[in-house]
Amino acid sequence: MTDLTNLTLVQAQRALHSGECSSVELTRACLERIARLEPCIHAFITHTPQAALEAASQADLRRARWKKEGGSMLPPLLGIPLAVKDLLCLAGVRCTCGSRILENFIPPYSATAVERLLAAGMVVVGKTNTDEYAMGSSTENSAFGPTHNPWDTGRVPGGSSGGSAAALAARFVPAALGSDTGGSVRQPASYCGVVGLKPTYGRVSRYGLVAYGSSLDTVGPFTRTVADAALIFEHMAGYDRHDATSADLPVSSTCLDDNADLSGLRIGVPDEYFIAGIQPEVTNAVRTAIAVFEAQGAVVFPVSLPHTQYALPVYYLIASSEASANLARYDGIRFGARRDADNLFDLFSRTRGQNFGAEVKRRIMLGTYALSAGYYDAYYGQAQKVRTLIQRDFDKAFEQVDLIAAPVAPSTAFRFNEHLDDPLAMYLEDVFTLPANLAGVPGLAFPAGFDSAHLPIGMQLMAAPFREDILFRAGHAYQQITDWHQAAPSLP
Ligand code: GLN
């Protein structure tokens, strides 16, 4: 039998359906691989092997009963393993957000995205590592230690959803969930050589995703192929009455054509994303990929997103301001850790002072400052105005093109500690991903080559709001005639 851990989501679905393997066999193969390789990767904060095997055997029973007796359709992803970023609630399993302050927090409910995938039959094998409260680009800000990049364990997997990205690259699971506020799905997907989707803001419910920057937060999947991303997305997206910002628009089931013709598709290439300072191999790989799209019939021409240079400061003002408001709830009284004291002030300050990490404190201070009386207009208010200009750039561009092509990150995976003492250098890893969050548009990252150190290079396509279907069509067509996504890191 083929190594079950190599199956993509679509292949796993077929193998289970045809009886080639059972869910218990598939889940056990994943759990065994995790047990063997996790010491050198550390993709997970919490493992749930018992619950996974239990769910897998229930799935097998259900399938067997259905084969014998028929009846209503089986859940579409029945018995397929899934890993979930530890920022999304799963009822009854602790949700740490990579923070000491939530080390023992057990949510009583599941996030809508998780709930929908459970309803679709998926089997959760564990909660993956993340930078504390998703603030970071390397997982080095996790209170539980960093995740290692499967392509080179001396390097970061990217972040903040680095655990989920590494889990995909290491063949621990065929799919995982992450969250993307400024690039946290796309950038680690790029560093780990896998596929990552940041959906349109409002497309996937944020209910049960622990809030970081509420106007920017999105929940997105990691997979190894674009077809897999389309499949899982279809089952997690859509209106949710628990999230007031979720969009009440239909989610069509994506039927991907294996013929790689992209005739007539208009792809815009923004100069602002091909600036000096990018690793030349990244630029070359992305330009080569754009030529592949062209050869498939796409029309490629330049577009301009003139306010791109302001995205970084605007993002860090808005994200930090929203974070400072969102994190005010961790006061030692309602949630998580508590450090007792004689008076309320000391209780707050000890609880927060001793349990939040350095980066989280930096964001809280920055955000509180930007929101404070006397500075609000100059910082937060100004940032909101410039955000509107950035959104208009995208609106205008999408009047001319169907897709925008760009790098995901300016470099491939960096070494541990390389940016740790220089927050600005860390923030710069997100220059090409933040604009999509500010504008609310969807972005898809997928592998498009390797650098000379054999580290994966990712490319990014962005589309107009709610046009994930175009991203899937183009990305799938690309993967029909290239094989970057099939490369696997060599692990023992
Ligand atoms: N690295 C960015 C930040 O630290 C983005 C993180 C994210 O998307 N969650 O804010």
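Higher on the page you've got the structure.
Structure report, in brief.

All right, on to the site of the ligand then. Taken together, 15 residues lie around the ligand, and Gly 182, Ser 184, Tyr 212, Tyr 315 and Asp 430 are the ones closest in. A distance of 2.9 Å separates a nitrogen atom of the ligand from a polar side-chain atom of Ser 137. The separation between an oxygen atom of the ligand and a polar side-chain atom of Arg 363 is 2.8 Å. Looking at the shell around the ligand residue by residue, the classes come out as five nonpolar, seven polar and three charged.

For a regular strand, side-chain orientation follows a simple rule: the groups alternate between the two sheet faces. In terms of strand pairing, strand E7 (residues 266-270) meets strand E8 (residues 299-303) through five bridges, oriented parallel. Counted as the bridge partner of Ile 267 is Val 300 from E8. Once you follow E7 into helix H8 (residues 280-295) and on to E8, the crossover reads as right-handed.

So, on to the packing of helix H9 (residues 311-326) against helix H12 (residues 377-400). Relative orientation of the contacting elements H9 and H12 amounts to 125 degrees, with a least axis distance of 9 Å. With respect to H12, the element H9 is oriented oblique. Helix-helix and strand crossings are classified by hand; for H9 and H12 the assignment is left-handed. Between H9, through Ala 311, Val 314, Leu 317, Ile 318, Ser 321 and Glu 322, and H12, the contact on the second element is made entirely by Tyr 379, Tyr 380, Ala 383, Gln 384, Val 386, Arg 387 and Ile 390. For the contact of H9 with H12, the residue count by class is nine nonpolar, two polar and two charged.

The amide bond that connects Gly 159 to the next residue, Ser 160, takes the cis arrangement and shows omega of 5 degrees. You can see Ser 160 is positioned in the loop between strand E3 (123-128) and helix H5 (162-169). Notably, Tyr 133 is not glycine yet its phi reads approximately 50 degrees, a positive angle. The buried category is assigned to Tyr 133, whose relative accessible area is 1%. A positive phi angle, close to 60 degrees, is found at His 454, a residue other than glycine. With respect to the helices and strands, the residue His 454 is situated in the loop between strand E10 (443-450) and strand E11 (456-463).

What follows deals with the pattern of salt bridges. Throughout the structure, instances matching the rule amount to twelve salt bridges. The partner of Asp 340 in a salt bridge is Arg 338, with the nearest N and O atoms 2.7 Å apart. Here Arg 467 ties to Asp 469 by a salt bridge, and the two come within 2.9 Å at their closest N and O atoms. Classification of Arg 467 as partly exposed rests on a relative accessible area of 37%. Given the relative accessible area of 31%, Asp 469 is considered partly exposed. A network of salt bridges, in which partner residues are shared, links Glu 359, Arg 362 and Arg 363.

Attention now moves to the sheet that holds E10. Spatially, eleven strands are ordered E1-E3-E2-E4-E6-E5-E10-E11-E9-E7-E8 in an open sheet, and the strand pairing comes out mixed. The open sheet has two edge strands with one neighbour each: strand E1 (44-47) and E8. Ignoring strand direction, the axes of neighbouring strands in this sheet form an average angle of 30 degrees. Here five bridges tie strand E4 (residues 176-180) to strand E6 (residues 218-223), and the two strands are oriented antiparallel to one another. Directly across from Asp 180, in E6, lies its bridge partner Thr 218. Contacting strand E2 (81-85), E4, strand E5 (195-198), E6 and E10, helix H7 (residues 226-236) runs over the sheet at an angle of about 140 degrees to E6. Strands E7, E8, strand E9 (403-407), E10 and E11 of the sheet are contacted by H8, whose axis makes an angle of about 55 degrees with E11.

Let us look at the packing of helix H4 (residues 112-119) against H7. Look at H4 against H7: their axes get within 8 Å of each other, and the N-to-C directions meet at 105 degrees. With respect to each other, H4 and H7 are oriented roughly perpendicular. The segment H4 lies against H7, with Ala 113, Arg 116 and Leu 117 engaging Ile 232, His 235 and Met 236. Class assignment for the residues of the contact of H4 with H7 results in four nonpolar, one polar and one charged.

Criteria and cut-off values
- Residues numbered from 1 in each chain as written.
- Predicted model: local features only at pLDDT ≥ 70, side-chain atom pairs only at ≥ 80, totals over all residues.
- Heavy atoms only, no water.
- Near = heavy atom within 4 Å.
- Polar contact = N/O pair within 3.5 Å; in protein donor to acceptor, adjacent residues only side chain to side chain.
- Nonpolar A, V, L, I, M, F, W, Y, C, P; charged D, E, K, R; others polar.
- Pairing = 2+ DSSP bridges.
- Helix = DSSP H or I, 4+ residues; strand = E, 2+ residues; numbered from the N terminus.
- Right-handed = clockwise from strand over helix to strand, strands pointing away.
- Axes fitted to C-alpha atoms, helices over the stretch in contact; angles between N-to-C directions.
- Parallel < 35°, antiparallel > 145°, perpendicular 65-115°, else oblique.
- Left-handed = near helix turned anticlockwise from the far one by under 90°.
- Contact = heavy atoms within 4.5 Å.
- Buried < 20%, exposed > 50% of the residue type's maximum accessible area, 1.4 Å probe, protein only.
- Salt bridge = Lys/Arg side-chain N within 4 Å of Asp/Glu carboxyl O.

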